[in-house]
Amino acid sequence: MPAGLIGLGNMGRGMALSLLRNGHAVLGFDLSAETRAARAAEGIAIADELPALISACDILILSLPHAAAVRAVIEGSAGVLAHAAPGTLVIDTTTSEPAVTRELACKLRAAGHAMLDAPVSGGPRGALAGTMTMVIGGEAADLARAMPLLEAMSAKRVHVGPGGAGHVTKLVNNLLCGANLVLLREAMGLIEEAGLDVQTVFSGINAGSGRSGVSEVNLPNWIANGAFNSGFSMGLMRKDIRLAAQWMDELDIALPLAKAVAGIWAKSAEALPDAEDFNRIVTLRNPERGA
Ligand code: NAD
């Protein structure tokens, strides 16, 4: 049976091509007729209707823009619950909402199906090269079943817990990355006030305990050299941090710093368009005012 790939945008396209390159049959579907035609021209077999794909595949990989689209694909009248054969496995690579994921995983399990949440990082380039990182929530047996497909799409896979854990991990990871970028901007201000060179000072910090992924990777590759071409946009980072903020608002725990960081990212929309590189947040002079 082919693997079904639902959502053939920037990420889904690369995943489908990585699967094909590694010898897996793929059947794809996208809501957009234009995208379906473009992917067919690249050699991906396409189903014209979602139910036709769902009934032809026992493993479905989702790469959708948000949780509402995942819900529509699973619960809609043309979706998985209505059309899948018993024992279908859904692998959701969307950056989605943990509570929605847990709810949908329960509904799928009650109907005799299974679900893994496997959000990704690595961007469209990583999807195309099959070098993404996946953080995965779900049952070990379902992960073993999915592994040949996951190995064709990713270089690193970490099983972080039961259903929903992958989406929790992804949101916390991106919140930490966003916080580190905001802190990097403030640290750069301190270093410049002291009349010192930012990169030279960070070569010292990166040998010590103040380092982070942002100081070790983002600063030299995309910030200090002025490239700002990481391939991950302000719009996508703001979406991920907005999801983390919504989740934090539902909780009754003190998160003052995380909430301040989320506020700064939300405000940045006033000065930095969605298409800009996400590292541009370090160029805002007054991030609290979105300027
Ligand atoms: P995209 O907008 O390029 O692609 C999403 C595709 O889903 C579109 O082609 C759209 O037509 C299709 N779609 C929407 N609703 C649908 C439905 N109900 N049924 C079928 N198809 C539907 O987005 P993308 O950049 O490919 O991102 C996909 C997911 O991966 C997002 O959740 C994003 O946050 C996540 N992600 C993206 C990146 C990145 O760098 N682009 C990196 C990591 C994670």
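Our subject is the structure listed above.
Residues numbered from 1 in each chain as written. Predicted model: local features only at pLDDT ≥ 70, side-chain atom pairs only at ≥ 80, totals over all residues. Heavy atoms only, no water.

J.: Got a minute to help me understand the site of the ligand in this structure?
T.: The local shell around the ligand holds 23 residues, among which Asn-10, Met-11, Asp-30, Leu-64 and Lys-239 are the closest. Residue Leu-31 places a main-chain N or O atom 3.1 Å away from a nitrogen atom belonging to the ligand. Separating an oxygen atom of the ligand from a backbone N or O atom of Leu-64 is a distance of 2.8 Å. Contact with the protein chains removes 85% of the 830 Å² of surface that the ligand exposes when unbound. In a pocket analysis with a 2 Å cut-off to the grid points, the ligand is assigned to the largest pocket. Mapped by element, the contributors of at least two residues to the shell around the ligand are helix 1 (10–21), helix 4 (67–75), helix 7 (123–129) and helix 12 (234–249). (Near = heavy atom within 4 Å. Polar contact = N/O pair within 3.5 Å; in protein donor to acceptor, adjacent residues only side chain to side chain. Areas by Shrake-Rupley, 256 points an atom, 1.4 Å probe, with all protein chains shown as cover. 1 Å grid on protein atoms, 1.4 Å probe; cavity = no way out; pocket = protein on both sides within 12 Å on 5 of 7 lines; lining within 4 Å. Sits in = over half its atoms within 2 Å of the grid points. Helix = DSSP H or I, 4+ residues; strand = E, 2+ residues; numbered from the N terminus.)

J.: Explain unusual backbone geometry here, please?
T.: Trans is the prevailing form of peptide bonds, just as negative phi is the prevailing case for residues other than glycine. Phi at Phe-228 takes a positive value of approximately 45°, unusual for a residue other than glycine. Its location among the elements puts Phe-228 in the loop between helix 11 (213–223) and helix 12. With a relative accessible area of 13%, Phe-228 lands in the buried category. (Buried < 20%, exposed > 50% of the residue type's maximum accessible area, 1.4 Å probe, protein only.)

J.: When you look at the nonpolar core in this model, what are you seeing that I'm missing?
T.: Across soluble globular proteins, nonpolar side chains have a tendency to be buried as a group. The biggest cluster of nonpolar side chains holds 32 residues, and the ones touching the most others in it are Leu-181, Leu-184, Ile-223, Trp-265 and Ile-281. For this core, the elements supplying multiple residues, two or more each, are helix 9 (165–193), helix 10 (198–205), helix 11, helix 12 and helix 13 (256–267). If we skip the residues at most four places from it in the chain, Ile-223 touches Leu-181, Leu-184, Met-188, Asn-218, Phe-228, Asn-279 and Val-282. Counting residues in hydrophobic clusters, the runner-up holds 28 residues, among them Leu-5, Val-26, Ile-91 and Met-153. (Core = buried A, V, L, I, M, F, W, Y, C linked by side-chain atoms within 4.5 Å. Contact = heavy atoms within 4.5 Å.)

J.: Sorry if this is basic, but what is going on with the layout of surface pockets here?
T.: Empty space left among the atoms is revealed by rolling a probe the size of a water molecule over them. Considering only enclosed or pocket space, the largest pocket measures out at about 1400 Å³ in volume. What lines the largest pocket is a set of 50 residues, among which Met-11, Thr-95, Val-120, Phe-232 and Leu-236 lie closest to the centre. Contributing elements (two or more residues each) for the lining of the largest pocket: helix 1, helix 4, strand 7 (120–121), helix 7, strand 8 (132–137), helix 9, helix 11 and helix 12. Counting residues per element, the lining of the largest pocket draws most heavily on helix 9, at 6 residues. For the lining of the largest pocket, the residue count by class is 25 nonpolar, 20 polar and 5 charged. (Points joined across faces, edges and corners; volume = space filled by probe spheres on them. Nonpolar A, V, L, I, M, F, W, Y, C, P; charged D, E, K, R; others polar.)

J.: Which parts of the structure should I look at to understand the packing of aromatic side chains?
T.: One pair of aromatic rings is described through two measures. These are the centre distance and the angle between the planes. One pass over the full model with this rule turns up 1 aromatic pair. Ring plane angle 80° and centroid distance 5.2 Å describe the contact between Phe-232 and Phe-278, whose orientation is recorded as edge-to-face. Residue Phe-232 is located in the loop between helix 11 and helix 12, and its partner Phe-278 is located in the segment after helix 13; the two are separated by 46 residues in the primary sequence. For Phe-232, a relative accessible area of 25% translates into the label partly exposed. (Phe/Tyr/Trp six-rings, centres within 6.5 Å; stacked < 30°, edge-to-face > 60°.)

J.: Looking at this structure, how should I read helix 6 (residues 98–110)?
T.: The α-helix winds at 3.6 residues per turn, so residues separated by three or four positions along the chain end up facing the same way. Spanning 13 residues, helix 6 covers 18 Å between terminal C-alpha atoms, matching the ideal 18 Å at 1.5 Å per step. By the burial criterion, the buried members of helix 6 are Pro-98, Val-100, Thr-101, Leu-104, Ala-105 and Leu-108. Buried positions in helix 6, seen along its axis, are confined to an arc of 150° and lie on one side of it. Buried-residue contacts for helix 6 involve helix 4, helix 5 (80–83), strand 5 (89–92), strand 6 (114–117) and helix 9. Just downstream of helix 6 lies Gly-112, where phi reads positive at about 90°. (Expected span 1.5 Å × (residues − 1). Arc of directions from axis to C-beta.)

J.: Where do I start with the packing of helix 1 against helix 8 (residues 140–153) in this structure?
T.: Relative orientation and spacing of two packed helices are given, respectively, by the angle between their axes and the distance between those axes. Packing of helix 1 against helix 8 brings their axes to within 8 Å, and their N-to-C directions diverge by 110°. The angle between helix 1 and helix 8 falls in the class roughly perpendicular. Two secondary-structure elements touch here, helix 1 through Met-15, Ser-18 and Leu-19 and helix 8 through Leu-149, Ala-152 and Met-153. (Axes fitted to C-alpha atoms, helices over the stretch in contact; angles between N-to-C directions. Parallel < 35°, antiparallel > 145°, perpendicular 65-115°, else oblique.)

J.: Any chance you could explain the pairing of strand 4 (residues 59–62) here in plain terms?
T.: Taken residue by residue, a regular strand's side chains alternate between the two faces of the sheet. Here strand 4 shows two buried faces, one formed by Ile-59 and Ile-61 and the other by Leu-60 and Leu-62. Alignment of strand 4 against strand 5, held across 4 bridges, turns out to be parallel. Paired with Leu-62 across the two strands is Asp-92, which belongs to strand 5. (Pairing = 2+ DSSP bridges.)

J.: Where do I start with the environment of Ala-16 in this structure?
T.: With respect to the element layout, Ala-16 can be found in helix 1. Overall, the relative accessible area of 0% leaves Ala-16 in the buried class. In the structure, Ala-16 is positioned 111 residues away from Ala-127 in sequence and 8.6 Å away in space, judged by C-alpha atoms. The residues contacting Ala-16, other than those within four sequence positions of it, are Leu-5, Leu-8, Val-26 and Ile-44.

J.: Explain the packing of helix 4 against helix 6 to me, please; I cannot follow it from the model alone.
T.: Two elements in contact, helix 4 and helix 6, have axes separated by 11 Å at closest approach and are oriented at 10°. As far as their axial angle goes, helix 6 and helix 4 are roughly parallel. Packed against helix 4, whose contacting residues are Ala-67, Val-70, Arg-71, Ile-74 and Glu-75, the element helix 6 presents Val-100, Glu-103, Leu-104, Lys-107 and Leu-108 at the interface.

J.: Looking at this structure, how should I read the pattern of salt bridges?
T.: In a structure, side chains of opposite charge can pair up when their charged atoms sit close to one another. By the definition in use, this model includes 11 salt bridges. Of the charged contacts in the structure, one is a salt bridge between Arg-13 and Glu-42, with a shortest N-O distance of 2.7 Å. One end of the pair, Arg-13, is in helix 1; the other, Glu-42, is in the loop between helix 2 (33–41) and strand 3 (45–46), and 29 residues separate them in sequence. Counted as one network, the salt bridges with shared partners bring together Arg-71, Glu-75, Glu-103 and Lys-107. (Salt bridge = Lys/Arg side-chain N within 4 Å of Asp/Glu carboxyl O.)

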